[in-house]
Amino acid sequence: MNGFLIDLDGTLYRGHEPIPHAAAFIQWLQQHQLPYLLVTNNSSRTPAQVAEHLLAFGIEVPEAAVYTSSQAAAKYLTEQSRGRSVHMVGEAGLRIALEASGFDMEETTPPDYVVQGIDRSFTYAKLTEAVRHLKAGATYVLTNPDRMLPSDGGLMPGAGSLAASITAASGVEPVVIGKPSPIIMAYAIERLGLPAADVWVIGDNVHTDIRGGVVSGCRTALVLTGVATPENVHEQMASAGVTPDLVCDDLAHFIAQFSRLGGI
């Protein structure tokens, strides 16, 4: 039995634009009763909001099939022994995940943790506050290192771009939760309940999706529908220093290649 960890942004959709063959691919997984988990570095939405977003593209998945970097960050913090107070730089998906895990979001000085994700209202004041907390001894936790994200109008800065400014100002390197970190990969593989060697990681970003799969012992498939494109794929692989098991034009191409390998 093979399982699948599938990226969202750039793999199933770009912003509010569906990617061709994405709905058919999820239907194929469901038809063959193949275990899968949609794993996203995007910390801005809850799993329920992700499922609702996908439904607009004709992709129907249960909320439990979605795993976000916010959920992984909250799980990571529950495994630590430092404390329960958090200063958050992020959006609703991150706040809801942290609150659901019982973390104290009221401001204390200094908090035990500064937890940062994508924040599209990021300001100099937020930068200053986060840096002061880190200088006072808070532990820095970053949901994901993505510096750029695919969107409707092209690429936009991601959480990693904000983290670069916080790290430069504070001198504190974050604990990274999202792909390619083995933290989120281990949590996601555990949820599938399969050995890593039986899991395929599918995504559009060599530096995050594919590297995360490789370091976790999974098989990997790169789709050229997001950050990686037919024009830049060789440059992307060279800069990342990793090579996927399969390079696919899109998810329909993956099904064809997977079938030729004897998967179905």
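Residues numbered from 1 in each chain as written. Predicted model: local features only at pLDDT ≥ 70, side-chain atom pairs only at ≥ 80, totals over all residues. Heavy atoms only, no water.

A.B. asks: Whenever I open this one, helix H10 (residues 251-260) confuses me. Can you help?
C.D. replies: Every α-helix winds through 3.6 residues per turn, so residues three or four apart in the chain are directed the same way. For H10, the full list of buried residues reads Leu 251, Phe 254, Ile 255, Gln 257 and Phe 258. Those residues of H10 that are buried are in contact with strand S1 (3-6), helix H1 (22-31), strand S12 (199-203), strand S13 (219-223) and strand S14 (246-248). Just beyond H10, the residue with positive phi is Gly 262, at close to 90 degrees. (Buried < 20%, exposed > 50% of the residue type's maximum accessible area, 1.4 Å probe, protein only. Helix = DSSP H or I, 4+ residues; strand = E, 2+ residues; numbered from the N terminus. Contact = heavy atoms within 4.5 Å.)

A.B. asks: Just to check I follow, could you spell out the sheet that holds S14 for this structure?
C.D. replies: Remark on secondary structure: sheet strands pair via backbone hydrogen bonds, oriented parallel or antiparallel. Read across the sheet, six strands follow the order S5-S4-S1-S12-S13-S14 without closing on themselves; strand pairing throughout is parallel. Whereas interior strands pair on both sides, the edge strands pair on one side only; in this sheet they are strand S5 (66-68) and S14. Across the sheet, the mean angle from the axis of one strand to that of its neighbour is 25 degrees, orientation sign disregarded. Inspection of the sheet shows strand S4 (residues 36-40) paired to S5 by three bridges, in the parallel sense. The residue of S5 that forms the bridge with Val 39 is Tyr 67. (Pairing = 2+ DSSP bridges. Axes fitted to C-alpha atoms, helices over the stretch in contact; angles between N-to-C directions.)

A.B. asks: Please clarify how helix H8 (residues 206-215) should be interpreted in this entry.
C.D. replies: Every buried residue of H8 is accounted for by Val 206, Thr 208, Asp 209, Ile 210, Gly 212 and Gly 213. Each element contacted by the buried residues of H8 is listed here: helix H7 (182-192), S12, S13 and helix H9 (233-240). Here H8 starts with a cap whose side-chain oxygen sits 2.9 Å from the backbone nitrogen of His 207, and that cap is Asn 205. Backbone geometry just downstream of H8 places Gly 217 in the positive-phi region, at approximately 85 degrees. (Polar contact = N/O pair within 3.5 Å; in protein donor to acceptor, adjacent residues only side chain to side chain.)

A.B. asks: Help me understand empty space enclosed by the protein in this model?
C.D. replies: Unoccupied space between atoms shows up once a probe the size of one water molecule is rolled over them. Under the defined criterion, the tally for this structure stands at two cavities of 30 Å³ or more. By volume, the largest cavity is sized at about 160 Å³. In terms of lining residues, the largest cavity is bounded by 18 residues, among which Asp 7, Asp 9, Asn 41, Asp 146 and Leu 149 are the most central. Looking at the lining of the largest cavity, the elements with two or more residues in it are strand S9 (148-151) and H8. Looking at the lining of the largest cavity element by element, the count peaks at three residues for S9. Taken together, the residues of the lining of the largest cavity break down into six nonpolar, six polar and six charged. Considered as a void within the structure, the second largest cavity measures approximately 30 Å³ in volume. Forming the walls of the second largest cavity are Leu 5, Ile 6, Asp 7, Val 39, Lys 179, Val 201, Ile 202 and Asp 209. Every element with two or more residues in the lining of the second largest cavity is listed here: S1 and S12. (1 Å grid on protein atoms, 1.4 Å probe; cavity = no way out; pocket = protein on both sides within 12 Å on 5 of 7 lines; lining within 4 Å. Points joined across faces, edges and corners; volume = space filled by probe spheres on them. Nonpolar A, V, L, I, M, F, W, Y, C, P; charged D, E, K, R; others polar.)

A.B. asks: Before we go on, may I ask you to explain the packing of helix H3 (residues 69-78) against helix H4 (residues 92-100) in this structure?
C.D. replies: For any two helices packed against each other, one specifies the inter-axial angle together with the distance between the axes. One way to put it is that H3 packs onto H4 with a least axis distance of 8 Å and a crossing angle of 30 degrees. Crossing geometry of H3 relative to H4 is assigned as right-handed. Between H3 and H4, the contacting residues are Ser 70, Gln 71, Ala 74 and Leu 77 on the first element and Gly 93, Leu 94, Ala 97 and Leu 98 on the second. Of the residues in the contact of H3 with H4, the class split is five nonpolar, three polar and no charged. (Left-handed = near helix turned anticlockwise from the far one by under 90°.)

A.B. asks: Can you help me understand the sheet that holds strand S7 (residues 113-116) in this one?
C.D. replies: Sheet architecture is open: four strands sit in the order S6-S7-S8-S11, paired in parallel fashion. Bordering the open sheet on either side are strand S6 (86-89) and strand S11 (175-176), each of which pairs with just one other strand. Relative to S7, S6 runs parallel, the two being bridged by four bridges. From the neighbouring strand, Met 88 faces S7, where its bridge partner is Val 115.

The analysis is restricted to geometry; functional conclusions fall outside its scope.
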